[in-house]
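Structure at a glance
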Amino acid sequence: MTTTFHVKDQRNLSLLMDFYELTMSQCYFDSDQKDRIVCFDLFYRRNPDHGGYSVFAGLEEVVEYIMNFKFSKEDIAYLRSLNKFSDAFLTYLENFTFTGDIYAVKEGTPVFPNEPLIRVKAKNIEAQLIETALLLCVNHQTLIATKARRIVKAAQGRAIMEFGARRAHNFDSAIYGARAAYIGGVVGSATTYAGKQFEIPVLGTMAHSFIQSFSNEYEAFLAYAKTFPDNCVVLLDTYNTLKSGLKNAIKVAKEYLEPNGYRLKGVRIDSGDMAYLSKQIRKALDEANMQDCQIIVSNSLDEYLIQSLIQQGAQIDIMGVGENLVCSKSTPVFGGVYKMCAVYEQGKMIPKIKVSENIEKVTNPGYKDLYRIYDIKTGMAIGDIMTLHGEVLDPNEDLTIYHQMNSWKHKVIKKGTYRLKNLLEPVFLNGKLVYNMPTIEQIKAYSEEEFACIWEEIQRFAYPQTYYVDVSKKLLDLKLSMLEDIKEFHE
């Protein structure tokens, strides 16, 4: 089965890879290992901002990259000029196509450390060459979607707008950051290109320079009201928020908008004490019978400042968040990794493990499946379980889930009390796209549905409860036996 998908980004980014992907691939080619089937897991080890979860995003960009993957004549000429690669290998690259299998978690899914977000099974060189791009897509968008989710949660139902383009790390960071932020729950973005590319609502009114370009503030507000009478939002803090901006906003509402059948939609402040100012603005607007006029704030907001403003009783309806969102300023790196977990010899899976003195970096071996376990009575997620591929889990039997390193630490879930959901869905099979890519609105709605099944204790900001990401007995036994074999070999 194949599916149609409109590729929005037509760029050839095939050389967007770490150089060692190519040097390793040359060695695989020379060693007759280019067609050996291998398996990799893409996962991460820690949630951003010491949080209890992450929001998986970036899969659509991964799909576009794989579908565009080819080496142009210019690419081959450049690689040849480096005098590092054989003519035979370059001919191989010139005819390169991805023919492997990729499974992935659906975008918008709440995810947790150490579980595979993407599973790749492909020929050795194919699996190696796509490593950097997969990490780029997932690390960036998952980071921003997670930050957006935290900020939206802090706002307690107030709308969050993404305002970060001018602080983003160049073009793609702004565009794809806006996409990820929308998945994470913002209502729209100020980045117009993201609106065109991903059908995200675009938002924005005026800057201080607009007001300064007129002879006075009132004239600026009036000009904007005449151009956009049904969607007029004015910026109050160019000169003096309460003594000038607010008074002129009300004046325009009363002298032009209301007599012509319109209402002032909102006022925005971008500086000052937002708690105090918003209370004073709300009082004045209500006294002017403008209860429907919304108060919008921006100015270095993040989830913690938003929480504080709400605790102070700030009268805010909408918040615009910039660099603290699109750059995830507090935790700017997601830290996803791409690790080999198995190779195949004569059709048989040979598990692989990476060992480290840092126990956090010991990987889970083997070609694996990932399931989410839900409590039937509450509908809430109990935890996730990794199994070796093909293991059968029967909800009509008790299910024991084990800590990833300790067999004594386990939990028994009684039969008939739980249901299972396979989180890894096929995206590419034999190099063909088989995944029906959802719309951005579907991804966002799905994310909300899934987070409704995650306990609040796991979603809280301070010292969140750790979500179970456990393993089956077969996977744990395999892991411990491989570690014991390595220990004996090196003693």
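For the structure itself, consult the block above.
Below: a short report on this structure. (Residues numbered from 1 in each chain as written. Predicted model: local features only at pLDDT ≥ 70, side-chain atom pairs only at ≥ 80, totals over all residues. Heavy atoms only, no water.)

On to the sheet that holds strand 1 (residues 37–43), then. Here we have seven strands laid out as an open sheet, ordered 13-12-1-5-3-19-20, and antiparallel in their pairing. The open sheet has two edge strands, strand 13 (348–351) and strand 20 (432–433), and neither has a second partner. Strands strand 3 (101–104), strand 5 (118–123), strand 19 (425–429) and strand 20 of the sheet are contacted by helix 2 (residues 59–68), whose axis makes an angle of about 15° with strand 19. The sheet contacts of helix 6 (residues 131–154) involve strand 1, strand 5 and strand 12 (337–345), and relative to strand 12 the element is tilted by about 140°. (Pairing = 2+ DSSP bridges. Helix = DSSP H or I, 4+ residues; strand = E, 2+ residues; numbered from the N terminus. Contact = heavy atoms within 4.5 Å. Axes fitted to C-alpha atoms, helices over the stretch in contact; angles between N-to-C directions.)

One pass over the structure, following the stated rule, counts 20 aromatic pairs. Where Y65 meets F69, the ring centres are 5.2 Å apart and the plane angle is 90°; that geometry is what we call edge-to-face. Judged on exposure class, the residue Y65 and its partner F69 are both buried. Note on Y304 and F461: the rings are 6.0 Å apart at their centroids and 65° apart in plane angle, and the pair reads as edge-to-face. One end of the pair, Y304, is in helix 13 (residues 303–311); the other, F461, is in the loop between helix 16 (456–459) and strand 21 (468–471), and 157 residues separate them in sequence. Taking the ring centre of Y446 as reference, the NZ or CZ of K106 above it sits at 4.3 Å. (Phe/Tyr/Trp six-rings, centres within 6.5 Å; stacked < 30°, edge-to-face > 60°. Buried < 20%, exposed > 50% of the residue type's maximum accessible area, 1.4 Å probe, protein only. Lys NZ or Arg CZ within 6 Å of the ring centre and 35° of its normal.)

Below, the discussion takes up unusual backbone geometry. In this structure, N83 is a non-glycine residue whose phi angle is positive, near 55°. Among the secondary structure elements, N83 is positioned in the loop between helix 3 (73–81) and helix 4 (87–94). A relative accessible area of 71% means that N83 is categorised as exposed.

Let us now look at helix 1 (residues 19–30). Look at helix 1: 17 Å from first C-alpha to last across 12 residues, which is about the 16 Å you get at 1.5 Å a residue. E21, L22, S25, Q26, Y28 and F29 are the residues of helix 1 that are buried. The arc that holds the buried residues of helix 1, viewed along the axis, is 160°, so those residues lie on one side. Elements in contact with the buried residues of helix 1: helix 3, helix 4, helix 5 (124–129) and helix 6. (Expected span 1.5 Å × (residues − 1). Arc of directions from axis to C-beta.)

You can see T363 is positioned in the loop between strand 13 and strand 14 (368–375). At 2.8 Å, the side chain of T363 forms a polar contact with the backbone nitrogen of K354. Setting aside anything within four residues of it in sequence, one finds T363 in contact with F43, K339, I353, K354 and K479. (Polar contact = N/O pair within 3.5 Å; in protein donor to acceptor, adjacent residues only side chain to side chain.)

Here the focus is the sheet that holds strand 9 (residues 266–269). Spatially, the six strands line up as an open sheet ordered 7-6-11-10-9-8, and their pairing is parallel. Pairing within the sheet leaves two strands with one partner each, and these edge strands are strand 7 (188–189) and strand 8 (233–235). Two strands pair when backbone bridges link them, and strand 6 (residues 159–162) and strand 11 (residues 318–321) are joined in this way by four bridges, in the parallel orientation. Within strand 11, the position partnered with A159 by the bridge is I318.

Looking now at the packing of helix 10 (residues 217–227) against helix 11 (residues 241–257). As a packed pair, helix 10 and helix 11 sit with axes 9 Å apart at the nearest point and diverge in direction by 45°. The pairing of helix 10 with helix 11 is recorded here as oblique in orientation. Taken as a pair, helix 10 and helix 11 cross one another with a handedness that is right-handed. Only S244, G245, N248, A249, K251, V252, E255, Y256 and L257 of helix 11 make contact with helix 10, whose side of the interface consists of E217, Y218, F221, L222, A225 and K226. (Parallel < 35°, antiparallel > 145°, perpendicular 65-115°, else oblique. Left-handed = near helix turned anticlockwise from the far one by under 90°.)

Turning to helix 13, its buried residues are E303, I306, L309 and I310. The buried residues of helix 13 occupy an angular sector of 125° when the element is viewed end-on, so they sit on one face. Among the structural elements, helix 6, strand 6, helix 12 (274–287) and strand 11 are those in contact with the buried residues of helix 13. At the N-terminal end of helix 13, a side-chain oxygen is found 3.1 Å from the backbone nitrogen of Y304, two or three residues along, and the residue is D302. Following helix 13 by one or two positions, G313 has its phi on the positive side, about 80°.

This part covers the pairing of strand 12. As paired elements, strand 1 and strand 12 share six bridges and run antiparallel to each other. Paired with V38 across the bridge in strand 12 is V343. What sits between the antiparallel neighbours strand 12 and strand 13 is a turn of two residues, in which Q346 has the positive phi angle 55°.

On to the environment of E360, then. For E360, the position within the fold is in the loop between strand 13 and strand 14. A relative accessible area of 26% places E360 in the partly exposed class. Note: C-alpha distance between E360 and N114 (246 residues apart in sequence) is 9.0 Å. Sequence-distant contacts of E360, defined by excluding residues within four places in its chain, comprise R45, R46 and N114. A polar contact is formed between the side chain of E360 and the side chain of R46, at a distance of 2.8 Å.

What follows concerns the environment of E345. Within the secondary structure, E345 is located in strand 12. Each C-alpha atom of the pair E345 and V38 lies 9.4 Å from the other, and the pair is 307 residues apart in sequence. Leaving out residues up to four positions away in the same chain, E345 has contacts with R36 and I350.

Take the nonpolar core next. The biggest cluster of nonpolar side chains holds 148 residues, and the ones touching the most others in it are L93, I118, V120, I130, V267 and I306. A total of 11 residues in this core trace back to one element, the largest contributor, which is helix 6. If we ignore the near neighbours within four places in the chain, the residues touching V120 are V38, C39, F40, D101, I102, A127, I130, L134 and Y338. Among the nonpolar cores identified, the runner-up in size contains nine residues, and I373, I382, L399 and I413 belong to it. (Core = buried A, V, L, I, M, F, W, Y, C linked by side-chain atoms within 4.5 Å.)

Helix-helix packing is described using two parameters, namely the angle between the two axes and the distance between the axes. Running from amino to carboxyl end, helix 6 crosses helix 7 (residues 171–183) at an angle of 50°, the nearest separation of the two axes being 8 Å. Relative to helix 7, the element helix 6 is oriented oblique. Classified by chirality, the crossing of helix 7 by helix 6 is right-handed. Along the contact surface, helix 6 presents H140, Q141, I144, A145 and A148, while helix 7 presents D172, S173, Y176, G177, R179, A180 and A181. Here the contact of helix 6 with helix 7 is composed, by residue class, of six nonpolar, four polar and two charged. (Nonpolar A, V, L, I, M, F, W, Y, C, P; charged D, E, K, R; others polar.)

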